[in-house]
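Coordinates in review
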Amino acid sequence: PKQQGIHTAPLVTEPLFARPPTPPNYPTVARKRGQQGTVWLDIWLDDEGEQRQLSVSKSSGIAVLDEAALQAVASWEFMPYRINVQFALKNSTYQ
């Protein structure tokens, strides 16, 4: 049987931005404590480039750094993802 309703979105690792993204503000408490870390985020965009879901996929282990990353990325604006497709219709009739 044929499965219906399954949609697989492309994985985009280099998004197009509608405007340059602003970096996170480094939390003062983390700076004073000398805390550093890398946060990996998953961002789900709709067909128009609007954020639909944002979550931490790999924490830095420091909650204030994770939250700063989430706050910064939540303000980012993306361009819609486009796939280059060309169609050629010859002698076709649609009803």
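Residues numbered from 1 in each chain as written. Predicted model: local features only at pLDDT ≥ 70, side-chain atom pairs only at ≥ 80, totals over all residues. Heavy atoms only, no water.

Structural notes on the pattern of salt bridges
The full count for this structure, using the stated rule, is 2 salt bridges. Here glutamate 77 ties to arginine 19 by a salt bridge, and the two come within 3.2 Å at their closest N and O atoms. One end of the pair, glutamate 77, is in the segment after α2 (63-74); the other, arginine 19, is in the segment before α1 (28-33), and 58 residues separate them in sequence. In this structure, the salt-bridge partner of aspartate 46 is arginine 52, at a minimum N-O distance of 2.7 Å. (Salt bridge = Lys/Arg side-chain N within 4 Å of Asp/Glu carboxyl O. Helix = DSSP H or I, 4+ residues; strand = E, 2+ residues; numbered from the N terminus.)

So, the packing of aromatic side chains
Throughout the structure, instances matching the rule amount to 3 aromatic pairs. A network of ring pairs unites the aromatic residues Phe17, Trp76 and Phe78 as a single cluster. (Phe/Tyr/Trp six-rings, centres within 6.5 Å; stacked < 30°, edge-to-face > 60°.)

With respect to the environment of proline 24
Relative to the assigned elements, proline 24 resides in the segment before α1. Proline 24 gets classed as partly exposed once you look at its relative accessible area, which sits at 44%. Once the C-alpha coordinates of proline 24 and glutamate 67 are considered, the two residues, 43 residues apart in sequence, prove to be 9.4 Å apart. Ignoring anything within four residues of it in the chain, the contact list for proline 24 reads Ala68, Ala69 and Ala72. (Buried < 20%, exposed > 50% of the residue type's maximum accessible area, 1.4 Å probe, protein only. Contact = heavy atoms within 4.5 Å.)

Note that every value here comes from positions in space, so none of it alone points to a role or purpose.
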